[in-house]
Amino acid sequence: MINVLLVCSAGMSTSMLVQRTLDAAKKRGVEISISAMSEAEAKKHLDGCDVILLGPQVRFLLKGITKLTEGKNIKVDIINSVSYGRLDGNDVLSQVLRMLE
Amino acid sequence: MAGNSSNFNTNLQKYVAKFTSLKGVIALKDGIVYTMPVSLIGSIFLMIRFMPFTGYDEFMAGIFGPNWAEPLNQVTGATFDILALVSVMAIAYVYAKASKAEPLSCAFLALVNFIILIPAYINDAAGTAVGGVIPKAWAGGQGMIAAIIVALVTAEIYCFCNRKGLRIKMPDGVPEGVINAFSALIPALFTMTLSFIIYIIVKAITQVTLIEWIYQVLQVPLQGLSDSFIGCILMAFLISFFWWFGIHGANLVGGIIGSITLANSLANQAVIDAGETLVAGQNALIVTDQIRNNFIAMTGSGISIGIVVGAILFAKSKQYKELGRLSLVPGLFNINEPIVFGMPIVMNTRMFWPFTLVPVMCAAISYIATAVGFMPAFGAAAVPWTTPPIISGFLLGGWRAALVQIIILALACVIYLPFFKQMDAEAFAREAAAVDEDDDDDF
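Residues numbered from 1 in each chain as written. Chains lettered and ligands numbered in written order. Predicted model: local features only at pLDDT ≥ 70, side-chain atom pairs only at ≥ 80, totals over all residues. Heavy atoms only, no water.

Chemist: Looking at this structure, how should I read the packing of helix α9 (residues 144-163) of chain B against helix α12 (residues 210-226) of chain B?
Modeler: Pairs of packed helices are described in terms of their axes, by the angle between the two and the distance that separates them. Residue and element names in this part refer to chain B. For the pair α9 and α12, the least separation of the axes is 8 Å and the interaxial angle reads 115°. Considered as vectors, α9 and α12 are oriented roughly perpendicular to each other. Read as a crossing pair, α9 and α12 show a hand that is right-handed. Between α9, through Met 144, Ile 145, Ala 146, Ile 149 and Val 150, and α12, the contact on the second element is made entirely by Ile 211, Ile 214, Leu 218, Gln 219 and Leu 222. (Axes fitted to C-alpha atoms, helices over the stretch in contact; angles between N-to-C directions. Helix = DSSP H or I, 4+ residues; strand = E, 2+ residues; numbered from the N terminus. Parallel < 35°, antiparallel > 145°, perpendicular 65-115°, else oblique. Left-handed = near helix turned anticlockwise from the far one by under 90°. Contact = heavy atoms within 4.5 Å.)

Spelled out as structure tokens, the structure:
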């Protein structure tokens, strides 16, 4: 089971990606759990994540979040802004899988 | 040129990253978030208290008796009137937590220091000082900026003591709660003594408490600045400006100016609570939290519903037909990342002007509509930022505010349309060319 945390300013726009990414995962037979949170919420829920993806509009949080996850074996990256704009769950899933390779 | 602008973007991203990772800025932004449930639920009670219908008071008094409003006032008095107390604790809490220090003791300490620094009495109608109170004027809106300062200074001293190991050491086996209580002793001694000395000095020089002094020299000018026509327009421009670089402008600008626009709303509420009518230009502030949340950022920053409507009605290209379909529902709830990144607007020189111009126009119209007295100025009653436009206007300021929103939305559609059509025509041509190529491949 892969645990993914999507982070944006209020957890609203990333939440639109959650279901689409879950659908893509089901199609491709990937076991995954995804949640979307605001930056403030997310900081309390870093433990237990495998991958944290930031919305491109909060890419300036990358450094701070990376620092918080130091030594925890959590991969952190920014969601590709084209896939984000298209709410393309399949692309996001591919990005998650690439990060875990 | 392209090189310059991408350089500028990299630098901007770097500065924004640096700025937003400052401990004080994080604590301010994340701390103010804690006031949200308090003020939103308080708003429900406030709206029931002040329905914008004539004869409403008499109607309610007829059903529930002459004191019908009193229990409602208990709730609003315990929410909006203590937002500075909530903020001072929340900001200190977040600051300490980010520094991996025990946060709850730090929050209480900030509260104590804040109360040391506010007046301990109120004047009754005859001008006599009455003790035994915590004045709600300073615990609420007028104490907001001071609350931020007291929280940050207290939390930094607390964390400093923690870092330097300045605490009373406990032997192994002592429960954690006890350790925490004792570890706050030295920072408590430092900060409370500091507050004590500051109280004496400020009182001697200015005849008032620190919180009153900060209000006069800092908060009033800041509120005045935010409440000007230029301030309102600048705020709208900056939100879009940052978004154009792909940075969450509403979050960034709101994080800084939010406490001031909130104080503006609370100042208006104080006028309403005193039984007076808000009149712009006399006793009302115009640029309130509601203007920032429910007007300038309607349908998402940039008022991008104009693009969505254009896409749904006129798109020829598959790309923008799909984008319009995808963006409509989130747009109604003021979320527009699909447009910002999907169109994209980010770093798109053609869309820069409408994307900044439309919110600036919105700020100007909202400001003028309030200034001339057409739209009411807003008090503390707030609706969540995700409330769809027109509904939000109606809830906040009756049909007049809803009408102002409708006019702005209509103008947004008109202004965006020619820009959208150019983008769409290019996308359509690209798609046609791609189809031709595919056809060629078939042969």
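The discussion continues.
Chemist: In this structure, what is going on with the sheet that holds strand β3 (residues 51-54) of chain A? I would like to understand it.
Modeler: Strand-to-strand pairing in sheets goes through backbone hydrogen bonds, with the strands running parallel or antiparallel. Residue and element names in this part refer to chain A. Pairing within the open sheet is parallel, and its four strands lie in the order β2-β1-β3-β4. Two strands in the sheet have a free side with no partner beyond their single neighbour: β2 (32-38) and β4 (75-78). Each neighbouring strand pair of the sheet contributes to a mean axis angle of 20°, computed without reference to strand direction. In the sheet, strand β1 (residues 2-8) pairs with β3 via four bridges, with the strands oriented parallel. Among the inter-strand pairings, Val 7 is bridged to a residue of β3, identified as Leu 54. Contacting β1 and β2, helix α1 (residues 15-28) crosses the sheet at an angle of about 175° to β2. Strands β1, β2, β3 and β4 of the sheet are contacted by helix α5 (residues 89-100), whose axis makes an angle of about 135° with β3. (Pairing = 2+ DSSP bridges.)

Chemist: Got a minute to help me understand the interface of chain A and chain B in this structure?
Modeler: Many analyses report the size of an interface as the accessible area lost when the parts associate. Listed as interface residues are 21 residues of chain A and, on the opposing side, 25 residues of chain B. At the boundary of chain A with chain B, total buried surface from both sides reaches about 1,900 Å², with 65% on carbon and sulfur atoms. In this structure, the connection of chain A to chain B is made through two salt bridges. The shortest N-O distance in the salt bridge between Glu39(A) and Lys29(B) comes to 3.6 Å. The set of elements that each furnish at least two residues to the side of chain A that touches chain B consists of α1, α2 (39-42) and α4 (81-85) of chain A. (Buried area = accessible area lost by both parts, 1.4 Å probe. Salt bridge = Lys/Arg side-chain N within 4 Å of Asp/Glu carboxyl O.)

Chemist: What is the right way to look at the nonpolar core in this model?
Modeler: Among the nonpolar cores identified, the biggest contains 144 residues, and Ile32(A), Ile52(A), Phe114(B), Ile211(B), Phe295(B) and Met343(B) are the most heavily contacted of them. Here the element with the most residues in this core is helix α20 (residues 391-442) of chain B; it accounts for eleven residues. When residues of this core are assigned to domains, at least three fall in each of domain 1 (27-226) and domain 2 (289-442) of chain B. Excluding residues that lie within four positions of it along the chain, Ile32(A) makes contacts with Met1(A), Ile2(A), Val4(A), Leu22(A), Ala25(A), Leu93(A) and Val96(A). Formed by five residues, the second largest nonpolar core is a distinct cluster that contains Met60(B), Trp68(B), Ala69(B) and Leu72(B). (Core = buried A, V, L, I, M, F, W, Y, C linked by side-chain atoms within 4.5 Å. Buried < 20%, exposed > 50% of the residue type's maximum accessible area, 1.4 Å probe, protein only. Domains from an automatic or database assignment.)

Chemist: I'm lost on the pairing of β4(A) in this one. Help?
Modeler: It is a general feature of regular strands that their side chains alternate between the two faces of the sheet. Residue and element names in this part refer to chain A. On β4, burial follows the alternation: Val 76 and Ile 78 on one face are buried, whereas Lys 75 and Asp 77 on the facing-out side are not. Bridge analysis of β3 against β4 gives four bridges, and the strand direction is parallel. Following the sheet pairing, Ile 52 is matched in β4 by Val 76.

Chemist: When you look at the packing of aromatic side chains in this model, what are you seeing that I'm missing?
Modeler: The description of an aromatic ring pair uses the distance of the two centres, along with the angle that the planes make with each other. All names here are of chain B. Overall, the coordinates contain 16 aromatic pairs over all chains when judged by the stated rule. On the basis of an interplanar angle of 75° and a centroid distance of 5.3 Å, the ring pair of Phe 229 and Tyr 367 is categorised as edge-to-face. A residue pair is termed long-range when its members are at least 10 positions apart, and Phe 229 in helix α13 (residues 229-244) and Tyr 367 in helix α19 (residues 349-371) qualify at 138 residues. Residue classification places Phe 229 among the partly exposed positions, given a relative accessible area of 32%. With 5.0 Å between their ring centres and 85° between their planes, Phe 352 and Trp 353 make a pair best called edge-to-face. Three or more aromatic residues joined by ring pairs make a cluster, and in this case those are Phe 237, Phe 241, Phe 242, Trp 244, Phe 245, Phe 352 and Trp 353. Here the basic side chain of Lys 421 rests over the ring of Phe 314, its NZ or CZ set 4.8 Å away from the ring centre. (Phe/Tyr/Trp six-rings, centres within 6.5 Å; stacked < 30°, edge-to-face > 60°. Lys NZ or Arg CZ within 6 Å of the ring centre and 35° of its normal.)

Chemist: Before we go on, may I ask you to explain the domain arrangement of chain B in this structure?
Modeler: Residues and elements named next belong to chain B. Per the domain assignment, the segments of chain B are domain 1 (27-226) and domain 2 (289-442). Inter-centroid distance (C-alpha atoms) of domain 1 to domain 2 is 38 Å. The interface of domain 1 with domain 2 comprises five residues on the first partner and seven residues on the second. Of the roughly 530 Å² buried between domain 1 and domain 2, counting both surfaces, carbon and sulfur atoms make up 80%. Here domain 1 and domain 2 share zero salt bridges between them. Taken together, the connections running from domain 1 to domain 2 amount to one residue pair in polar contact (both at pLDDT 80 or more). Split into classes, the residues belonging to the side of domain 1 that touches domain 2 amount to four nonpolar, one polar and no charged. (Polar contact = N/O pair within 3.5 Å; in protein donor to acceptor, adjacent residues only side chain to side chain. Nonpolar A, V, L, I, M, F, W, Y, C, P; charged D, E, K, R; others polar.)

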